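Next come the chains, spelled out residue by residue.
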Amino acid sequence: MYPPYLNETRTEMDFCEAVRQIIAAAPEKEWVFVCDGLNTHKSEMLVKLAAQECHLGNELGKKGKSGILKSQQSRAEFLHTPSHRIRFVYTPKHSSWMNQIEIWFGIINRKLLKRKSYIFSFGIRYSNAISARSSPQ
């Protein structure tokens, strides 16, 4: 189990870099990533990363046109393939506990913060670092 990653943005490049770093910890191990249905979790870049790391010689096709890269659904099916060393499992739509957290933060944002900008990501990162150090190995 790895701690969540925090970035200023949620791009497919950010997610692929996080996955790449996790895989680098044990490059030949089997990995199963549990994700929600966010489009960055089914991206072209992620399919290419998984194919490369699994040493698959598949022709991936062209995004929006053909093959595995044709659609978000075809990419998700490829990433979910049980025979791959690196695979992704997706939570059903609207069932993720994160939806409830996002709703809660949305209410706080609308009622209390009134769209002001607060910088607190350092505090979250610091808190996660302390938790990681103090947890049993």
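Everything numeric here is computed off the predicted structure, so don't read it as measured data.

Chemist: Which parts of the structure should I look at to understand the pattern of salt bridges?
Modeler: Opposite charge on two side chains makes pairing possible when the charged atoms of those side chains draw close. In this structure the tally under the stated criterion is three salt bridges. One salt bridge in this structure joins E17 and R20, with 3.3 Å as the shortest N-O distance. Taken together, the positions of E17 and R20, both in helix α1 (residues 12–24) and three residues apart, correspond to about one turn of that helix. By relative accessible area, which is 35% here, E17 ends up partly exposed. Judged by its relative accessible area of 35%, R20 is partly exposed. E53 is paired through a salt bridge with R85; the nearest N and O atoms lie 4.0 Å apart. With E53 in helix α2 (residues 44–53) and R85 in the loop between α3 (72–79) and β2 (86–90), the pair connects residues that are 32 residues apart, well separated along the chain. By relative accessible area, R85 is classed as buried at 14%.

Chemist: What should I look at first to understand the nonpolar core in this one?
Modeler: Nonpolar side chains in soluble globular proteins tend to end up buried together. Formed by 24 residues in total, the largest nonpolar core has its most connected members in V19, F33, L46, L79 and F88. Secondary structure elements with two or more residues in this core: α1, β1 (31–35), α2, α3 and β2. Look past the residues within four positions of V19 in its chain and what remains in contact with it is F33, L46, L49 and F88.

Chemist: It is not clear to me how the packing of α1 against α2 should be interpreted in this structure. Could you clarify?
Modeler: Each pair of packed helices can be summarised by the angle the axes make with each other and by the distance between the axes. Two elements in contact, α1 and α2, have axes separated by 9 Å at closest approach and are oriented at 20 degrees. By the criterion of interaxial angle, the relationship of α1 to α2 is roughly parallel. The handedness of the crossing between α1 and α2 comes out as right-handed. Counted together, E12, M13, F15, C16, V19, R20 and I23 of α1 and E44, M45, L46, L49 and E53 of α2 form the full contact between these two elements. Its residues assigned to classes, the contact of α1 with α2 shows eight nonpolar, no polar and four charged.

Chemist: Whenever I open this one, the packing of aromatic side chains confuses me. Can you help?
Modeler: In this description, a pair of aromatic rings is defined by centroid distance and the angle of the planes. The final tally for this structure, using the stated rule, is three aromatic pairs. An angle of 55 degrees between the planes, with centres 6.4 Å apart, marks the rings of F15 and F88 as tilted. Taken together, the positions of F15 in helix α1 and F88 in strand β2 put the pair 73 residues apart, joining distant regions of the chain. The burial state of F15 is the same as that of F88; both residues are buried. Judged by centre distance (6.1 Å) and plane angle (20 degrees), the rings of W31 and F33 are stacked. Accessibility assignment for this pair places W31 and F33 in one class, buried. One aromatic cluster is present, formed by F15, W31, F33 and F88 through successive ring pairs. Over the ring of Y90 we find K42; its NZ or CZ atom is 5.0 Å from the centre of that ring.

Cut-offs and rules
- Residues numbered from 1 in each chain as written.
- Predicted model: local features only at pLDDT ≥ 70, side-chain atom pairs only at ≥ 80, totals over all residues.
- Heavy atoms only, no water.
- Salt bridge = Lys/Arg side-chain N within 4 Å of Asp/Glu carboxyl O.
- Helix = DSSP H or I, 4+ residues; strand = E, 2+ residues; numbered from the N terminus.
- Buried < 20%, exposed > 50% of the residue type's maximum accessible area, 1.4 Å probe, protein only.
- Core = buried A, V, L, I, M, F, W, Y, C linked by side-chain atoms within 4.5 Å.
- Contact = heavy atoms within 4.5 Å.
- Axes fitted to C-alpha atoms, helices over the stretch in contact; angles between N-to-C directions.
- Parallel < 35°, antiparallel > 145°, perpendicular 65-115°, else oblique.
- Left-handed = near helix turned anticlockwise from the far one by under 90°.
- Nonpolar A, V, L, I, M, F, W, Y, C, P; charged D, E, K, R; others polar.
- Phe/Tyr/Trp six-rings, centres within 6.5 Å; stacked < 30°, edge-to-face > 60°.
- Lys NZ or Arg CZ within 6 Å of the ring centre and 35° of its normal.

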